[in-house]
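# Tertiary structure, described
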Number of protein chains: 2
Amino acid sequence: MFKSILIIGCGMIGSSILRGAISQKISKKIYVFEKNKKYRNQIKKINKKIILIKKLDKLLESIDLIIVSTPMSEYKKIIVKFNNFLTNKTLITDVGSTRNNVAKLIKRNLSKKLNWILSHPISGSEASGPKYGNKNLFKNKWCILIKNKNKKILVNKLSRFWKKLGSKVVFMNEREHDEIFSVTSHLPHLVAYNLIKTAQDFQKMNKKNIIKYSAGGLRDFSRIAASNEIMWRDVFFNNSRNMSKIIDLFIKNLNQFKIDINKQRNSLLLGKLKKSKKVRQQILLLKQDVSKPDFGREN
Amino acid sequence: MFKSILIIGCGMIGSSILRGAISQKISKKIYVFEKNKKYRNQIKKINKKIILIKKLDKLLESIDLIIVSTPMSEYKKIIVKFNNFLTNKTLITDVGSTRNNVAKLIKRNLSKKLNWILSHPISGSEASGPKYGNKNLFKNKWCILIKNKNKKILVNKLSRFWKKLGSKVVFMNEREHDEIFSVTSHLPHLVAYNLIKTAQDFQKMNKKNIIKYSAGGLRDFSRIAASNEIMWRDVFFNNSRNMSKIIDLFIKNLNQFKIDINKQRNSLLLGKLKKSKKVRQQILLLKQDVSKPDFGREN
């Protein structure tokens, strides 16, 4: 499919792309640029064919496809390298979780002759680092591609790449993307972080070890709140407008629940609790989660 | 261990006790009282030895151990039956998720000569109904027993019962219990319900199908928010004081996160996000969850 690809930043997501690309024979040559020494040692063990490069320099010119999978806060520095060494022959993409900020960053900073199409594969876990990569991570998962009228051929090329890795490709514009994922991903993560912080505060104030009783619900949130902090800081900062709006709606609703509970509004509360079951049913129908009770988890 | 036990209310939790009691040969005779006809048909299929009774009447007198596993809102009616038909020879327990309200209810309504020791096994799932019961549901899970100075022998007897089902028994008073579980269980459930409600509101306002993109975080909350609404209404109503306090702390913290994000307070935010990883590590150390990334879930 490609003569050469380069993965810049090879943590959990980058190494999943790497593993998928090897398994699907997507490219003759696969280059990896990764600054973390521990990660580099883990990457070497994945496959002998991987070429680890130490600099982003004139080699870039020869690459067909570059996938940037560093935290988004690294992009500015990387764009300088691209402007210095790339031509329009290379297709660039990335996997950042917010899109409007990157669309703007590219518009302002990337050389006009270069081609960067934005991707966002909806896959991941709380684990960080290349050893947690998985060649099937993208299988049957959505991958959002940001529309680009003037570069339809390149968008289609990138779409074929993600499909090769198993993704189901959907097209959106960057604003639509950031709005939708502020609700389905960014708010859930912030809420999980906030719940764990609240439990930590309670523990500190009451000097009680409550974490050992987390199996009643808290443990699920602790998994999400163990996600990579650099990545999530970048997401929260870059999608702060949509976040603010949805946080406000969330707090308004939570205050209303508090009132309903304190006023013992029976049928109203019952109706609200019952209604949320529909979302779970829909998610299972759409095969967006495992259908076994408790995720089939056994511990 | 017992000549006869009776399970009143045989949904997911009741039928897990039932299955565990059969498998551990805890009692010669096992009676079940269940009002739901569909549930009764499911229960019959579990084991031929189960005796389904249609009324709570003078048969009660002959029972060694009664486990009430109905929603807590049913207790008042059941206590009337106990007062009519039971003697001090029967040990009563229940599995309700809040304990202060039930301690008070018993004090006020249960005949003084009767013996009710409160239990709360920390196990469950979002699934309702006896067909989702599991004989190993309590294995290696905490079961909280509420201290009772005057009935130490009975408390110990009940403790042996739960240990037979695989539980690790811990003793607390009812106020301590309700405070701790408001944080580790009740708030997480309310927050999950509230997040799903917020997503539903957003969907309605924006006329966008966002549920299909739930794999980025929302789906985990949808599982918890698919829990039994009767049970959770009872919990929220009965623990409203502790709930109010912890909701307030949660909202205060969330507003602070919003400010940190909008003011781009980098190191502060990063520090907070990083700190919550410790809770996950602690939970895994205490074997309160599966250690595989993403719960080992594959869909």
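Residues numbered from 1 in each chain as written. Chains lettered and ligands numbered in written order. Predicted model: local features only at pLDDT ≥ 70, side-chain atom pairs only at ≥ 80, totals over all residues.

### Re the overall build of chain A
Definition in use: Runs of E in the DSSP output that reach at least two residues are strands. Runs of H or I that reach at least four are helices, and both are numbered from the N terminus. For the radius of gyration, the atoms used are the C-alpha atoms, and the globule rule reads 2.2 Å times the number of residues raised to 0.38. Burial is judged by counting other C-beta atoms within 10 Å of a residue's own C-beta: 20 or more means buried, 12 or fewer means exposed, and anything between counts as partly exposed, with every C-beta placed from the backbone. Any pair of residues counts as being in contact when their C-beta atoms, constructed from backbone geometry, are within 7 Å of one another.
When helices and strands are counted, chain A shows 11 helices and 8 strands. Its C-alpha atoms give chain A a radius of gyration of 21 Å, near enough to 19 Å, the size a compact globule of 299 residues would have. When the backbone C-alpha atoms are referred to their principal axes, chain A occupies close to 70 × 40 × 35 Å. Burial statistics for chain A: of 299 residues in total, 49% are counted as buried. Residue pairs in contact within chain A that sit at least 24 positions apart in sequence constitute 76% of those at least 6 positions apart.

### Looking at the sheet that holds strand β7 (residues 142-146) of chain A
Residues and elements named next belong to chain A. As a reminder of what qualifies: The pairing criterion is simple: DSSP has to find at least two bridges between the two strands. The convention used is that axes are lines fitted to C-alpha atoms, helices contributing only their stretch in contact, and that angles between N-to-C directions extend from 0 to 180 degrees.
Strand order in this open sheet of 8 strands is β3-β2-β1-β4-β5-β6-β7-β8, and the pairing throughout is mixed. Looking at which strands have only one partner, the edges of the open sheet turn out to be β3 (51-53) and β8 (168-172). Here the average twist between neighbouring strands, direction ignored, is 25°. When β7 meets β8, the two strands line up parallel, connected through 5 bridges. Its bridge partner lying in β8, Cys 143 is registered against Val 169. Seen against the sheet, helix α5 (residues 152-164) touches β4 (65-68), β5 (91-94), β6 (115-121), β7 and β8 and runs at an angle of roughly 35° to β6. Across the sheet, helix α6 (residues 174-206) is in contact with β6, β7 and β8; its angle to β7 comes to roughly 145°.

### So, the interface of chain A and chain B
Taken together, the contacts link 86 residues of chain A with 86 residues of chain B. The set of elements that each furnish at least two residues to the side of chain A that touches chain B consists of α6, α7 (218-224), α8 (229-238), α9 (240-262), α10 (266-275) and α11 (277-285) of chain A. Sort the elements by how many residues they give to the side of chain A that touches chain B and α6(A) lands first, with 20 residues.

### Focus on the relation of the copies chain A and chain B
Put simply, the test is: A least-squares fit on C-alpha atoms brings the copies together, and the residues used are those whose pLDDT is at least 70 in both copies.
Structural alignment of chain A on chain B gives an RMSD of 0.0 Å, achieved by rotating through 180° and translating 0.0 Å along the axis. Both copies of the chain, as the preceding transformation shows, are related through a two-fold rotation axis. No C-alpha of chain A lies nearer the rotation axis than that of Ile251(A), which sits 3.3 Å from it. Interface overlap between copies is the fraction of interface residues in one copy that are interface residues in the other; for chain A against chain B it reaches 100%, indicating a shared surface.

### Some words on the nonpolar core
The line we're drawing: Any nonpolar core is a set of buried residues, restricted to Ala, Val, Leu, Ile, Met, Phe, Trp, Tyr and Cys, that join up through C-beta atoms within 7 Å.
Grouped together as the largest cluster of nonpolar side chains are 163 residues, with contacts concentrated most on Ile7(A), Leu195(A), Ile7(B) and Leu195(B). Once residues within four sequence positions are removed from consideration, Leu195(B) is found in contact with Leu187(A), Pro188(A), Val191(A), Phe250(A) and Phe221(B).

### Quick word on the pairing of strand β7 (residues 142-146) of chain B
Residues and elements named next belong to chain B. Put simply, the test is: For crossovers, right-handed means that the path from the first strand over the helix to the second runs clockwise, given strands pointing away from the viewer.
Of all 5 residues making up β7, 4 are buried, and the element is well covered by its neighbours. Relative to β7, strand β6 (residues 115-121) is paired through 3 bridges, and the arrangement is antiparallel. Counted as the bridge partner of Pro 121 is Cys 143 from β7. As a crossover connection, the stretch from β7 through helix α5 (residues 152-164) into strand β8 (residues 168-172) is right-handed.

### Points about the domain arrangement of chain A
Often, the extent of an interface is quoted as the loss of accessible area on bringing the components together. All names here are of chain A. Inclusion rule: These domain boundaries are the output of an automatic or database domain assignment. Under the scheme applied, nonpolar residues are Ala, Val, Leu, Ile, Met, Phe, Trp, Tyr, Cys and Pro; charged residues are Asp, Glu, Lys and Arg; polar residues are all the others, including Gly.
According to the domain assignment, chain A contains domain 1 (2-172) and domain 2 (176-296). Relative placement of domain 1 and domain 2: their C-alpha centres are 30 Å apart. With 14 residues of domain 1 at the contact, the number on the domain 2 side is 16 residues. For the side of domain 1 that touches domain 2, the residue count by class is 5 nonpolar, 7 polar and 2 charged.

### Here we look at the packing of α6(A) against α9(A)
Geometry of a packed helix pair, given as the angle between the helix axes and the separation of the axes. Residues and elements named next belong to chain A. For the record, the criterion: For classification purposes, an angle smaller than 35 degrees is called roughly parallel, one larger than 145 roughly antiparallel, one from 65 to 115 roughly perpendicular, and anything else oblique. Each crossing gets its handedness from the near helix: less than a right angle anticlockwise from the far helix is left-handed, clockwise is right-handed.
Between α6 and α9, whose axes approach to 9 Å, the crossing angle comes to 60°. One finds that α6 runs oblique with respect to α9. Of the two elements, α6 crosses α9, and the hand of that crossing is right-handed. For the pair formed by α6 and α9, the contact residues are Asp 178, Glu 179, Ser 182, Val 183, His 186, Leu 187 and Leu 190 on the first element and Asn 242, Met 243, Ile 246, Ile 247 and Phe 250 on the second.

### Details of the sheet that holds strand β5 (residues 91-94) of chain B
Residue and element names in this part refer to chain B. Taken together, 8 strands build an open sheet; the order of strands is β3-β2-β1-β4-β5-β6-β7-β8 and the sheet is mixed. Unpaired on one side and paired on the other, β3 (51-53) and β8 mark the two borders of the sheet. Sheet twist, expressed as the average angle between the axes of neighbouring strands with direction ignored, equals 25°. Pairing of strand β4 (residues 65-68) with β5, which is carried by 4 bridges, proceeds in the parallel orientation. Bridging across to β5, Leu 65 finds its partner in Leu 91. Strand contacts of helix α1 (residues 12-23): β1 (2-8), β2 (27-33) and β4, with the helix running at about 165° to β2, the strand carrying the most contacts.

### Some thoughts on the pairing of strand β2 (residues 27-33) of chain A
Residue and element names in this part refer to chain A. Looking at chain direction, strand β1 (residues 2-8) and β2 are connected through 6 bridges and run parallel. Following the sheet pairing, Ile 7 is matched in β2 by Val 32. Bridge count between β2 and β3: 3 bridges; the pairing is parallel. Bridge pairing in β3 links Val 32 to Leu 52. Each parallel crossover has a hand, and for β2 linked through helix α2 (residues 37-44) to β3 it is right-handed.

### Thoughts on α5(B)
Residues and elements named next belong to chain B. As a reminder of what qualifies: Multiplying one less than the number of residues by 1.5 Å gives the expected span of a helix. Here the arc refers to the set of directions running from the helix axis out to each C-beta atom.
Between the first and last C-alpha of α5 there are 18 Å, a value that for 13 residues agrees with the 18 Å anticipated at 1.5 Å per step. If you check which residues of α5 are buried, you get Val 155, Leu 158, Phe 161 and Trp 162. Seen from one end, α5 has its buried residues packed into an arc of 115°, which puts them on one side. For α5, the exposed residues lying more than 90 degrees away from the buried face are Lys 152, Ile 153 and Arg 160.

### Quick notes on unusual backbone geometry
Backbone geometry at Asn140(A) places phi at a positive 60°, although glycine is not the residue there. One can find Asn140(A) in the loop between β6 and β7.

### A word on the confidence of the model for chain A
The cut-off we apply is this: Residue-level confidence of the predictor is summarised by pLDDT, bounded by 0 at the bottom and 100 at the top.
Chain-level pLDDT for chain A is 96 on average; 100% of the residues reach the 70-or-more range. Scored by ipTM, the complex comes to 0.94, with pTM at 0.95.

### A look at the environment of Trp116(A)
Residues and elements named next belong to chain A. Mapped onto the fold, Trp 116 is located in strand β6. Judged by C-beta crowding, with 26 C-beta atoms within 10 Å, Trp 116 ranks as buried. Sequence separation between Trp 116 and Trp 232 is 116 residues; the distance between their C-alpha atoms is 23 Å. Trp 116 has contacts with Ile 92, Thr 93, Ile 106 and Leu 110, leaving out every residue within four places of it along the chain.

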